[in-house]
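Take a look at the letters that make up each chain.
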Amino acid sequence: MSILIKGGRIITAADDYVGDIFIEDDTVSLIGRSLDVRAEKVIDASGKYVIPGCIDPHTHMEMPFGGTVSCDDFTSGTISAAFGGTTTIVDFCLQQAGQTLPEALETWHEKIERAKPVIDVGFHLAVTDLQEKGTLEDLAKAPEEGVTSYKLFMAYKGAIMVDDETLFKVMQVASETGALVMVHAEHGDSIDVLVKQALAEGKTEPKWHAATRPPITEGEATNRAIQLAHLADAPLYVVHVSCREAIEPVARAREADWRAWGETCTQYLFIDESYLDKPDFEGAKYVYTPPPRPKENQEHLWHALSTGVLSVISTDHCPFKFDGQKTLGKDDFSKIPNGGPGVEDRLMMIHNFGVREGRISLNRMVELLSTAPARFFGLYPRKGTIAVGSDADIVVFDPNRKKTISASTHHSNIDYNLYEGTEVTGVPETVLLRGQVLVENDELVASPGAGRFVKRARFGEELPGAAGERPIQVG
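## Quick look at the overall build of the protein chain
A count of helices and strands for the protein chain gives 11 helices and 19 strands. Computed over the C-alpha atoms, the radius of gyration of the protein chain is 21 Å, within 12% of the 23 Å expected from 2.2 N^0.38 for a compact globule of 475 residues. With the C-alpha coordinates aligned to their principal axes, the bounding extent of the protein chain is approximately 70 × 50 × 45 Å. Each of the 475 residues in the protein chain was classed as buried or not, and the buried ones make up 61%. Pairs at least 24 apart in sequence give 75% of the contacts found in the protein chain among residues at least 6 apart. Seen as two clouds, the 47 positive and the 70 negative side-chain charges of the protein chain have centres 1 Å apart.

And the structure:
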């Protein structure tokens, strides 16, 4: 179907102007003022923002963890994403112990074949076991399959945590293959000691999740990963930065022009450690890792986002239901599945509290939620911008419409919402993926299977910096 989007305020990471967009054959065909073209569908975007579809590079659909599995599959999770203006996710393919990397990738491909996504999906490869013969060779081949980022966990000892030898070897492979290394940065050994000590002292409530993972454990691991990546000459992306102690080593690396960057997640900008102390075990809803931090860290994070020290806002969407999943840790905080929802709320929360409250510009919002993720993860310029020849992944966003965020209206399978009762101004109105309307007038109009697996380019030689700097050239 050919589509004409008329009279919208088109906002990219670099531009802000009123115009029309003509879409045909999945892509943007023409951009201009008062386009004189015939289209099968016309969308009046007068008074609305028209932005590139958001990209969430950090989600965990159907992820096994702590004896259970996150409650969104690739159907429900991507429907939720679409209603929030996200048209592409990059999910983590988690290698199980003793499993080869090709077997892990096959498992995740089977997931999206079975639970067909509504939006486009790429994969990171999460490496947990390098003991199997040939694993390094398999790792080197992953970029040929369009999987161009490797994830390692520096925490969760005895489960998915890797040692420094494994971390460094993977970084060396990434340096050779053009892949991007991603790290969950926490000092897993000390956290393991602190958790065992707390439990031995009878400290079982959710608040001890944060107390046993203090900010210094994140700061130490972030610094260590940055130093090792620099030694290996590998590009590094630190996921879910949550506190000043982790911002500081990222800032030093950016200042030195090292190839290291960081993201934060929506929840760290709004949820603080006091939420973990809610009565009746409600604090378990806010058990994710790294944990919610002291409130003063929120302004440190906003400042880092506005100045380019941090480069992306993701969600780490990893939903576990309160009833039956979070309650597995009723008598032991270490058994509460770590993770929370958020893929549907990110754009609305960042627009309301970031743009409307003057913390970031509209252009910077698009950079953080769409363009920078596309550049880091080998999707730009096919995705992450509105330009002739780009995929027609587009959100028509009503900046004046009000909405109250609630579990009663969201589209995830999870039974609670981190931002329950929050009123926002600014809501996605129409969401398109490659020119196909997914969401319109609060209704899902596409079917599961509209989304595809997307192969991603290798990490480029020229790299992204703060907003307004030249984009990378992806290979």
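## Brief notes about the sheet that holds strand β10 (residues 120-126)
What the eight strands build is an open sheet, ordered β6-β9-β10-β11-β12-β13-β14-β15; its pairing is parallel. The open sheet has two edge strands, β6 (54-59) and β15 (312-314), and neither has a second partner. Ignoring which end each strand starts from, the neighbouring axes of this sheet average 30° apart. Of the strand pairs in this sheet, strand β9 (residues 86-94) and β10 are connected by seven bridges, and their pairing is parallel. Within β10, the position partnered with Ile89 by the bridge is Val121. Of the strands in this sheet, β11 (149-153), β12 (180-184) and β13 (236-238) touch helix α4 (residues 164-177), which is tilted by about 170° from β11.

## Structural notes on the environment of Val355
The residue Val355 is located in helix α10 (residues 346-355) in this model. Looking at Val355, the relative accessible area reads 16%, which means it is buried. Val355 has contacts with Ile350, Ile360, Ser361, Leu362 and Met365, leaving out every residue within four places of it along the chain.

## A closer look at the packing of aromatic side chains
Following the criterion strictly, the structure yields 17 aromatic pairs and no others. Their ring planes at 85° and their centres at 5.7 Å tell us that Tyr268 and Tyr288 sit as a pair that is edge-to-face. Taken together, the positions of Tyr268 in the loop between β14 (260-265) and α9 (297-307) and Tyr288 in the loop between β14 and α9 put the pair 20 residues apart, joining distant regions of the chain. Across the pair, Tyr288 and Tyr268 agree in class, each one buried. Linked through ring pairs, Tyr237, Trp261, Phe376, Phe377 and Phe459 together constitute an aromatic cluster. Its end group placed over the ring of Trp108, Lys111 keeps NZ or CZ at 4.6 Å from the ring centre. The ring of Tyr380 is capped by Arg375, whose NZ or CZ atom sits 4.8 Å from the centre of that ring.

## Quick notes on the pattern of salt bridges
Taken as a whole and assessed by the stated rule, the structure comprises 28 salt bridges. Residue Arg244 pairs with Glu248 through a salt bridge whose shortest N-O separation is 3.1 Å. Here Arg244 and its partner Glu248 are both found in helix α8 (residues 244-255), four residues apart, which amounts to about one turn of the helix. For Glu248, a relative accessible area of 35% puts it in the partly exposed group. If you follow the salt bridges from partner to partner, you end up with Asp120, Lys383, Asp391, Asp393 and Arg434 in one network.

Criteria and cut-off values
- Residues numbered from 1 in each chain as written.
- Predicted model: local features only at pLDDT ≥ 70, side-chain atom pairs only at ≥ 80, totals over all residues.
- Heavy atoms only, no water.
- Helix = DSSP H or I, 4+ residues; strand = E, 2+ residues; numbered from the N terminus.
- Rg over C-alpha atoms; globule rule 2.2 N^0.38 Å.
- Buried < 20%, exposed > 50% of the residue type's maximum accessible area, 1.4 Å probe, protein only.
- Contact = heavy atoms within 4.5 Å.
- Lys, Arg positive; Asp, Glu negative; His and termini not counted.
- Charge placed at Lys NZ, Arg CZ, Asp CG, Glu CD.
- Pairing = 2+ DSSP bridges.
- Axes fitted to C-alpha atoms, helices over the stretch in contact; angles between N-to-C directions.
- Phe/Tyr/Trp six-rings, centres within 6.5 Å; stacked < 30°, edge-to-face > 60°.
- Lys NZ or Arg CZ within 6 Å of the ring centre and 35° of its normal.
- Salt bridge = Lys/Arg side-chain N within 4 Å of Asp/Glu carboxyl O.

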